[in-house]
Structure formats: C-alpha cells, structure tokens
Amino acid sequence: MSQGPAPRTLSEDELSELLSTQQFGTLATNKRSGHPHLTTMVYHWDAAARVLRFSSTADRVKVKQLRRDPRAALHVPGGDVWSFAVAEGEAEISEITSVPGDATGRELLDMVPAAARPADENAFLEELVAERRVVVRLKVSRLYGTALDVGTS
C-alpha cells in the first residue's frame, strides 16, 4: 500500500454544503430480512431543519419499508470519488396527496427547484394526486463523511 494522504473528516458545514450542492443520492432502507435496500433518489436538503425530503409514490417498496422500520441513510457522493457525505436518521411519511393543492401537494411543489417549476402548477398538483405521491422526510440525526485531498497543496 502507498503512504498517501489519509482521509479528512468533513465538518458539519462541509457536509451540509455537499448535501446542498448535490441533488442525487443513494437511499438505504431496511428489508424485512435485515438486508439493505438501496435506491437512487433525487432529494431536497433543508439544512436549517436538518431534514432531507424525497418525493415517492405510496406503493413503492421503500415507502413500505420505512413505514415498518423508519431508520434510513442517504449516501451522497462528493465532487470526486474520494469524498462523500452520509445522513442518517428516521423517516416519516406524509399523507398521500389526495386533493390538488393540499399540504402534501404544496410541499412536493416546494421541493421543485425554481428553474424547473411547472408552467401549469394546477396540472402538476393534479398529476401528484393521480400518482398517489407522498413526501418522505428523513430527520437527520447524524451526518458524517470524508474527503481525500489528493493533488491539492
């Protein structure tokens, strides 16, 4: 093995910044067998509240698993293969959006980046109802991650 630099632990601010700058991560939930279930997810990070939000449909496997066991983690890669952040916590599942413009539908709409907001919000909210969308809120209790400063001086 080479004697290169050791990984550096990222600070809370660096971890939050990494979560803020990325939009995709791998969500790990627990199967009934105890094995992990992994799925790539688009997410929204609320640093002030320490909550990760995901849009899903009520019938997805991950939603069923989180209803049974709310423990979950999100792994987010950094800007290179040597850095990452992990957010662990317990998830809660919102009510299914059932009326266009209800609280769940509005929360889902608020998760859409401003540049990608739908031109017809009413049609978007109706589509969320038809898809039986929910918000998965991962209340983050632990953040950790590292970076390997290779080639920097």
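Residues numbered from 1 in each chain as written. Predicted model: local features only at pLDDT ≥ 70, side-chain atom pairs only at ≥ 80, totals over all residues. Heavy atoms only, no water.

## A word on the pairing of strand β8 (residues 133-147)
The sheet contact formed by strand β1 (residues 8-9) and β8 spans two bridges and is antiparallel. Across the sheet, Arg8 pairs through a bridge with Ala147, a residue of β8. Examined bridge by bridge, strand β5 (residues 51-57) and β8 share seven bridges and lie antiparallel to one another. Bridging across to β8, Val51 finds its partner in Lys139. One ladder, built from ten bridges, connects strand β7 (residues 84-93) with β8; its direction is antiparallel. When the bridges of β8 are listed, Phe84 appears paired with Thr146. (Pairing = 2+ DSSP bridges. Helix = DSSP H or I, 4+ residues; strand = E, 2+ residues; numbered from the N terminus.)

## Let's talk about the side chain of Arg137
By the element assignment, Arg137 lies in strand β8. A distance of 2.9 Å separates the side chain of Arg137 from the side chain of Glu92, its partner in a polar contact. Setting aside its immediate chain neighbours within four residues, Arg137 contacts Val51, Leu52, Arg53, Glu90, Ala91, Glu92, Ser94 and Glu107. (Polar contact = N/O pair within 3.5 Å; in protein donor to acceptor, adjacent residues only side chain to side chain. Contact = heavy atoms within 4.5 Å.)

## Examining the packing of helix α3 (residues 103-110) against helix α4 (residues 121-131)
Two elements in contact, α3 and α4, have axes separated by 10 Å at closest approach and are oriented at 115°. Where α3 crosses over α4, the two elements pack in a sense that is right-handed. Residues Gly105, Arg106, Leu108 and Leu109 of α3 form the contact with α4, whose participating residues are Glu121, Phe124, Leu125 and Leu128. Taken together, the residues that form the contact of α3 with α4 break down as five nonpolar, one polar and two charged. (Axes fitted to C-alpha atoms, helices over the stretch in contact; angles between N-to-C directions. Left-handed = near helix turned anticlockwise from the far one by under 90°. Nonpolar A, V, L, I, M, F, W, Y, C, P; charged D, E, K, R; others polar.)

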